[in-house]
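# Structural characterization, general
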Amino acid sequence: MEQHELNGQLRPHLLLFPFPGQGNMNSMLNLAETLCHSGLHITFLNSDHNQQRLLRFTDAQERFSRWPTFRFQTIADGLPADHPRSVSTFFEMLNSMKATAEPLFREMIIAARQESGQWPPLSCIIADGIMPFTIDLAEELKIRAIIYRAISACCLWTFFCLPRLFAAAELPFQGDDDEVDMDVPIKSVPGMEGFLRRQDLPSFFRTKDPNDPVLQKLHAENQQMTQVSALVINTFEDLEGPILTQLRSQVPNLYTVGPLHALSSRRQHSSSSSASNIAASNSLWKEDSSCMAWLNSQLPKSVVYMSFGSLVVYGKDTLMEFWHGLVNSGKLFLWVIRPDSINVSGGEGETILAEVVDGAKERGSLVVEWAPQEEVLNHPAVGVFLTHSGWNSTMESIYAGVPMICLPCFADQQVNSRFVSEVWKVGMALDICDRGTIERVVRDVMEQKREELVESIGGLAKLARKCISEGGSSRCNLDRLIQDLRSINLV
Ligand code: UDX
């Protein structure tokens, strides 16, 4: 029998390729680790830039080296090392990936298909659907392809509803930006008729141009998702069931395998004696774990944890509104402010950050540059998560049973925030960012509304735990995916 044969079939060798953002890379690394448990050969294609940071700030090299069937490979993202790689340059990052990585990726696939020796030939690519060139290449080179999306089903479904929104003239918004009433209800997204407003649609829907390049890109991605053999997303049936039903009308072979951070850690720790049930870190910044000792000295549910993910940047005014809102709320806070997240020119940004750091310390609170977020969310001292509603943060907060205060900034965050506050009722949304609103809502969630929110999110947390346990929906979908990957044909 050939070295790489299993019951007469070639052992699967998958190549996983995330968009090089923290949120996308995190969840796909969690997926990779979960697949390693099943003995599949995995090549994880990271950008050179992210791989250097991942190995510098985490134990990922050592952690993954225990899997003989796992390897990292890297690819250039075409950007200089000091490029900001933040929300303001998001589309530049995407375009650079396509321009630089596409030809390199083609060569890698061709080489990987002819692998011999220790690695079986490449049998399938699981690529981030935000980089359609990866799937196009796989089809051209006749390699099976699966799309992975790092965002919620509810956001994906709004992408598929773009044609309906334009046909019903709900898009584009008529009038000048400051004249548009963003509270107007949206009726053309099936399953969201009762609560979706203009302001809850993904931020890039606000264009006046129906031929906007970003909308054209979304149409192309939608088309690709309906044609590819399978779509894998980081959510769970009990969370987004009704929207998943809508989505499956377009993409029947859809695998929900979330919360991936928990599924990965559960499988990781079920195969080792380690007590903690927190996934190991995949951070691209150095985590300041001193915040854990600080949390240990706080009363239960007494702390506001605030973090806006890896891409958001703050202007000076926004930063000041958050600062005064938090301080005036009278609550202790743990605030993550990445050094690259203050969009203030010259030395003023550093001065403001230093004042916020010192001012927090004087008031018994704490500001760090980057935190071990999953550990923080699972700490008993944390009472609420003030978040931008990035999907990984949202899933981590639900799994940890921590109510949220949502201030969405861009992309999928608006619709995620609307589901948190209006559908799942596990948090409150900040529709505007001013100190008075922040103070009021923080007090609401930490005091009057605490009971109902904790009970509500506790119920969702239980469902999340159930779905990744033996016989749970995400676990079964993962097993089905692995069987499909092992079989010669993906349906
Ligand atoms: C991006 C988009 O902004 C988001 O809208 C989309 O849903 C996913 O891609 P990001 O902004 O980085 O993601 O936010 P999020 O999805 O929440 O991912 C952030 C990740 O960084 C989380 O896994 C979180 O645990 C981690 N994190 C964040 C830390 O480990 N430490 C921190 O201090 C902050």
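Here the structure is a predicted model, which means the values were calculated and not measured. (Residues numbered from 1 in each chain as written. Predicted model: local features only at pLDDT ≥ 70, side-chain atom pairs only at ≥ 80, totals over all residues. Heavy atoms only, no water.)

### A word on the site of the ligand
For clarity, the cut-off: Each residue is tested against the molecule or strand, and it is near if at least one of its non-hydrogen atoms lies within 4 Å. Here a polar contact means two N or O atoms within 3.5 Å. Within protein one must be a hydrogen donor candidate and the other an acceptor candidate, and residues neighboring in sequence count only if both atoms are side-chain atoms. Per-residue and other accessible areas were derived by the Shrake-Rupley procedure at a 1.4 Å probe size, with only the shown protein chains allowed to occlude residues.
The local shell around the ligand holds 23 residues, among which Ser310, Ala371, Ser393, Glu396 and Asp412 are the closest. Tryptophan 370 is positioned such that a nitrogen or oxygen atom in its side chain is 3.4 Å from a nitrogen atom of the ligand. One of the side-chain N or O atoms of glutamate 396 is found 2.7 Å from an oxygen atom in the ligand. A total of 660 Å² of accessible area belongs to the ligand in isolation, and the protein chains cover 96% of it.

### Description of helix α18 (residues 450-467)
Note the cut-off: The numbering of helices and of strands both runs from the N terminus, where a helix is a DSSP run of H or I of at least 4 residues and a strand a run of E of at least 2. Here the expected length of a helix is defined as 1.5 Å per residue gap, with one fewer gap than residues. The cut-offs for exposure are 20% and 50% of the maximum accessible area for each residue type, with area from a 1.4 Å probe on protein chains only; residues under the lower value are buried, those over the upper are exposed, and the others partly exposed. The directions considered for the arc are those from the helix axis to the C-beta atoms.
Compared with an ideal rise of 1.5 Å per residue, which puts 18 residues at 26 Å, α18 spans 26 Å between its outermost C-alpha atoms and is within 8% of the ideal. Listed as buried for α18 are Leu453, Ile457, Leu460, Ala461, Ala464 and Cys467. Projected onto a plane normal to the axis of α18, the buried residues spread over an arc of 120° and lie on a single side. Opposite the packed face of α18, turned more than 90 degrees from it, sit the exposed residues Glu451, Glu452, Glu455 and Lys462.

### What about the environment of arginine 144?
With respect to the helices and strands, arginine 144 occurs in strand β7 (residues 144-149). Taking the C-alpha atoms as reference points, arginine 144 and alanine 230, 86 residues apart in sequence, are found 9.7 Å from one another.

### Remarks on the packing of helix α5 (residues 132-140) against helix α8 (residues 213-227)
Worth spelling out the cut-off: Lines fitted to C-alpha atoms define the axes here, with helix axes fitted over just the stretch in contact, and angles between the N-to-C directions of these axes take values from 0 to 180 degrees. The cut-offs work like this: below 35 degrees is roughly parallel, past 145 is roughly antiparallel, 65 to 115 is roughly perpendicular, and the gaps in between are oblique. With the far helix as reference, a near helix turned anticlockwise by less than a right angle produces a left-handed crossing, and one turned clockwise produces a right-handed crossing. Contact definition: two residues touch when any of their heavy atoms are within 4.5 Å. Charged residues are taken to be Asp, Glu, Lys and Arg, nonpolar residues to be Ala, Val, Leu, Ile, Met, Phe, Trp, Tyr, Cys and Pro, and polar residues to be all remaining types, Gly included.
With their axes 10 Å apart at the nearest point, α5 and α8 run at an angle of 40° to one another. The orientation of α5 relative to α8 falls into the category oblique. Remark: the crossing between α5 and α8 carries left-handed chirality. The residues of α8 that touch α5, namely those facing Pro132, Ile135 and Asp136, are Lys217, Glu221 and Gln224. A breakdown of the residues in the contact of α5 with α8 according to their chemical character gives 2 nonpolar, 1 polar and 3 charged.

### Section: the domain arrangement of the chain
Defined as follows: The split of the chain into domains comes from an automatic or database domain assignment. Buried area counts how much accessible surface, traced with a 1.4 Å probe, disappears from two parts once they are put together, with both parts' losses summed.
Partitioning the chain into domains gives domain 1 (2-155 + 210-266 + 469-490) and domain 2 (281-466). The straight-line distance from the C-alpha centre of domain 1 to that of domain 2 is 29 Å. Each side of the interface is counted separately: domain 1 has 39 residues, and domain 2 has 30 residues. Interface area for domain 1 against domain 2, summed over the two sides, is near 3,000 Å², with a carbon-plus-sulfur share of 61%.

### Things to note about the side chain of threonine 43
Following the sequence through the fold, threonine 43 ends up in strand β4 (residues 41-47). Once residues within four sequence positions are removed from consideration, threonine 43 is found in contact with His13, Leu14, Leu15, Leu16, Arg71, Gln73 and Trp119.

### Topic: the pairing of strand β6 (residues 124-128)
What counts here: One bridge is not enough; two strands pair if DSSP finds at least two bridges between them. Note on handedness: a clockwise path from strand one over the helix to strand two, with the strands aimed away from the viewer, defines a right-handed crossover.
Of all 5 residues in β6, 5 are buried, a share of seventy percent or more. Residue alternation in β6 divides its side chains into two sets, Cys124, Ile126 and Asp128 and Ile125 and Ala127, and both sets are buried. Direction of pairing for strand β3 (residues 13-17) relative to β6: parallel, over a ladder of 4 bridges. Along β6, the bridge assignment pairs leucine 14 with cysteine 124. Across 5 bridges, the pairing between β6 and β7 is parallel. By the bridge assignment for β7, aspartate 128 is matched with tyrosine 148. With respect to chirality, the unit in which β6 leads through α5 into the neighbouring parallel β7 is right-handed.

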